[in-house]
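Spelled out, the chains give:
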Amino acid sequence: MLAEHACMKLQRQYGVFADRGDVEGFTGLFAVDGSVAVPEHPPFVGREQIRASIQALADTGLTMQHVLTNNVVDVLDRETATGVSYLIVFNSAAAPDARGSRPVEPPPTVGFYEDRFRRTAEGWRFQSRVLTRVFRRPE
């Protein structure tokens, strides 16, 4: 149960750190040789590539809100686990109004992540995270 909890926490932190532009927090969720794959790019492998990818996203100024649900983690042994979590992402490039809100648009992505976790000297980390888009807003 502790391993499941640690891995589910990684799944939730992924969205929080991405939304806040916390580049170092986001990068630290992955094993040193970990990877993240999204459909429109080749996989980002290793912390340096992952850091560069999330920094580039943060630099766009896009405001994002990840909604991650249906988290399931299966511990395979003392060192490895697999998981899945569903994803809805809202984003906006619009400036905030006087109350700090932005206009809502249909979410550009609805899908799921398939995860592989590994216990490292730093604790449980993503070994890999692969996004599958089920629905995507037209460009």
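Heads up: these notes are all about the structure in this document.

Moving on: the sheet that holds strand β5 (residues 109-120). The sheet built from 6 strands is open, its strands ordered β2-β1-β6-β5-β4-β3 with mixed pairing. Two strands close off the open sheet at either side, each with one partner strand: β2 (44-45) and β3 (63-75). Judged from the 11 bridges that link them, β3 and strand β4 (residues 80-92) form a sheet pairing that is antiparallel. Within β4, the position partnered with aspartate 74 by the bridge is threonine 82. In the packing of helix α1 (residues 2-20) onto the sheet, contacts are made with β1 (30-37), β3, β4, β5 and β6 (123-136), and the angle to β3 comes to roughly 170°. Running over the sheet, helix α3 (residues 47-59) touches β1, β2, β3 and β6 and is turned about 50° from β1.

The next thing to look at is the side chain of serine 92. You can see serine 92 is positioned in strand β4. Judged by relative accessible area, which is 5%, serine 92 ranks as buried. From its side chain, serine 92 meets the backbone nitrogen of alanine 94 in a polar contact 3.0 Å long.

This paragraph deals with the packing of aromatic side chains. Aromatic ring pairs: the centre-centre distance and the angle between the two ring planes describe each pair. In total, this model carries 7 aromatic pairs according to the counting rule given. Consider the rings of tyrosine 14 and tyrosine 113, whose centres lie 5.1 Å apart with planes at 65°: the pair is edge-to-face. Here the residue tyrosine 14 occupies a position in helix α1, and tyrosine 113 occupies one in strand β5, the gap between them amounting to 99 residues. Of the two residues examined, tyrosine 14 and tyrosine 113, each falls in the buried class. Both rings, one in phenylalanine 30 and one in phenylalanine 126, keep their centres 5.2 Å apart while their planes meet at 35°; by these two values the pair is tilted. Within this pair, whereas phenylalanine 30 is found in strand β1, its partner phenylalanine 126 is found in strand β6, the two being separated by 96 residues in sequence. Across this residue pair, the class does not change: phenylalanine 30 and phenylalanine 126 are buried.

As a further point, take the pairing of β4. In terms of strand pairing, β4 meets β5 through 10 bridges, oriented antiparallel. Considered in β5, the bridge of threonine 82 is made with arginine 116.

Okay, the layout of surface pockets next. Taken as a whole, the largest pocket holds about 630 Å³ of empty space. Along the walls of the largest pocket sit 27 residues, with Val38, Glu40, Leu57, Met64 and Arg133 positioned nearest its centre. Of all the secondary-structure elements, those providing two or more residues to the lining of the largest pocket are α1, α3, β3, β4, β5 and β6. By residue number, the principal contributor to the lining of the largest pocket is α3, which donates 4 residues. Per-class residue counts for the lining of the largest pocket are 17 nonpolar, 5 polar and 5 charged. As a volume, the second largest pocket reaches approximately 170 Å³. Around the second largest pocket, the lining residues are Thr63, Met64, Gln65, Phe90, Asn91, Ser92, Gly100, Ser101, Arg102, Pro103, Val104 and Glu105. The set of elements that each furnish at least two residues to the lining of the second largest pocket consists of β3 and β4. Residue composition of the lining of the second largest pocket, by class: 4 nonpolar, 6 polar and 2 charged.

Definitions and limits used
Residues numbered from 1 in each chain as written. Predicted model: local features only at pLDDT ≥ 70, side-chain atom pairs only at ≥ 80, totals over all residues. Heavy atoms only, no water. Pairing = 2+ DSSP bridges. Helix = DSSP H or I, 4+ residues; strand = E, 2+ residues; numbered from the N terminus. Contact = heavy atoms within 4.5 Å. Axes fitted to C-alpha atoms, helices over the stretch in contact; angles between N-to-C directions. Buried < 20%, exposed > 50% of the residue type's maximum accessible area, 1.4 Å probe, protein only. Polar contact = N/O pair within 3.5 Å; in protein donor to acceptor, adjacent residues only side chain to side chain. Phe/Tyr/Trp six-rings, centres within 6.5 Å; stacked < 30°, edge-to-face > 60°. 1 Å grid on protein atoms, 1.4 Å probe; cavity = no way out; pocket = protein on both sides within 12 Å on 5 of 7 lines; lining within 4 Å. Points joined across faces, edges and corners; volume = space filled by probe spheres on them. Nonpolar A, V, L, I, M, F, W, Y, C, P; charged D, E, K, R; others polar.

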